[in-house]
Amino acid sequence: SSLPCPPAHQSEVCAPHRPALAMAGGDLVPYVNTWMWPSFALVGTSSLFFGVYIGKITNSHEWKEIFLDYCHHKRTSHSPNPLDKVARTILGLLKISPK
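Here the structure is a predicted model, which is why all the values come from computation and not from measurement. (Residues numbered from 1 in each chain as written. Predicted model: local features only at pLDDT ≥ 70, side-chain atom pairs only at ≥ 80, totals over all residues. Heavy atoms only, no water.)

On to the overall build of the chain, then. In terms of helices and strands, the chain carries four helices and zero strands. Counting only residues that meet the buried cut, the chain has 4% of its 99 residues in that class. As displayed, the chain has an accessible area near 9,200 Å², and 68% of this comes from carbon and sulfur atoms. (Helix = DSSP H or I, 4+ residues; strand = E, 2+ residues; numbered from the N terminus. Buried < 20%, exposed > 50% of the residue type's maximum accessible area, 1.4 Å probe, protein only. Areas by Shrake-Rupley, 256 points an atom, 1.4 Å probe, with all protein chains shown as cover.)

In this section: the confidence of the model for the chain. With 71% of its residues at a pLDDT of at least 70, the chain reaches an overall mean of 75. The spread of mean pLDDT over the elements of the chain runs between helix H1 (residues 20-24), the lowest at 50, and helix H2 (residues 36-54), the highest at 90. (pLDDT = per-residue confidence, 0-100.)

Time to look at the packing of aromatic side chains. Taken as a whole, this structure holds one aromatic pair when the rule is applied. Judged by centre distance (5.2 Å) and plane angle (80°), the ring pair of tryptophan 37 and phenylalanine 40 falls under edge-to-face. In this pair, tryptophan 37 and phenylalanine 40 both sit in helix H2, three residues apart, roughly one turn of the helix. Looking at tryptophan 37, the relative accessible area reads 59%, which means it is exposed. Looking at phenylalanine 40, the relative accessible area reads 46%, which means it is partly exposed. (Phe/Tyr/Trp six-rings, centres within 6.5 Å; stacked < 30°, edge-to-face > 60°.)

Okay, a nonpolar patch on the surface next. On the surface, Val86, Ile90, Leu91 and Leu94 cluster together into a nonpolar patch covering about 390 Å² of accessible area. Position of leucine 91 among the secondary structure elements: in helix H4 (residues 82-96). (Patch = residues over 30% accessible without salt bridge, like charges linked within 9 Å, V, L, I, M, F, W, Y side chains within 5 Å. Salt bridge = Lys/Arg side-chain N within 4 Å of Asp/Glu carboxyl O.)

Structure representation (structure tokens):
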């Protein structure tokens with residue numbers, strides 16, 4: 001004396017003899033791989049950054065020197081003290097003077 005399942009709520013519980021794909025009309029893919037490519041991207045970028053960090057891909061000391069040069073340039077050009085300003089003026093004159 002079990003009640004029949006309404007058509008909107010038929011599932012494997014109500015109709016265990018029907019396969020799940022047949023109920024869906026054959027439109028659905030049984031499994032979609034959504035973890036593989038993001039995992040590869042994460043492992044690849046992590047490996048790249050680690051390789052740069054330990055100096056196997058590029059010379060990591062070179063990156064440090066570039067960063068220090070950049071910081072020194074910003075420090076001297078944005079908040080110069082009088083001696084830096086004089087030194088920059090003299091260097092600028094030496095660059096444009098004939099050799």
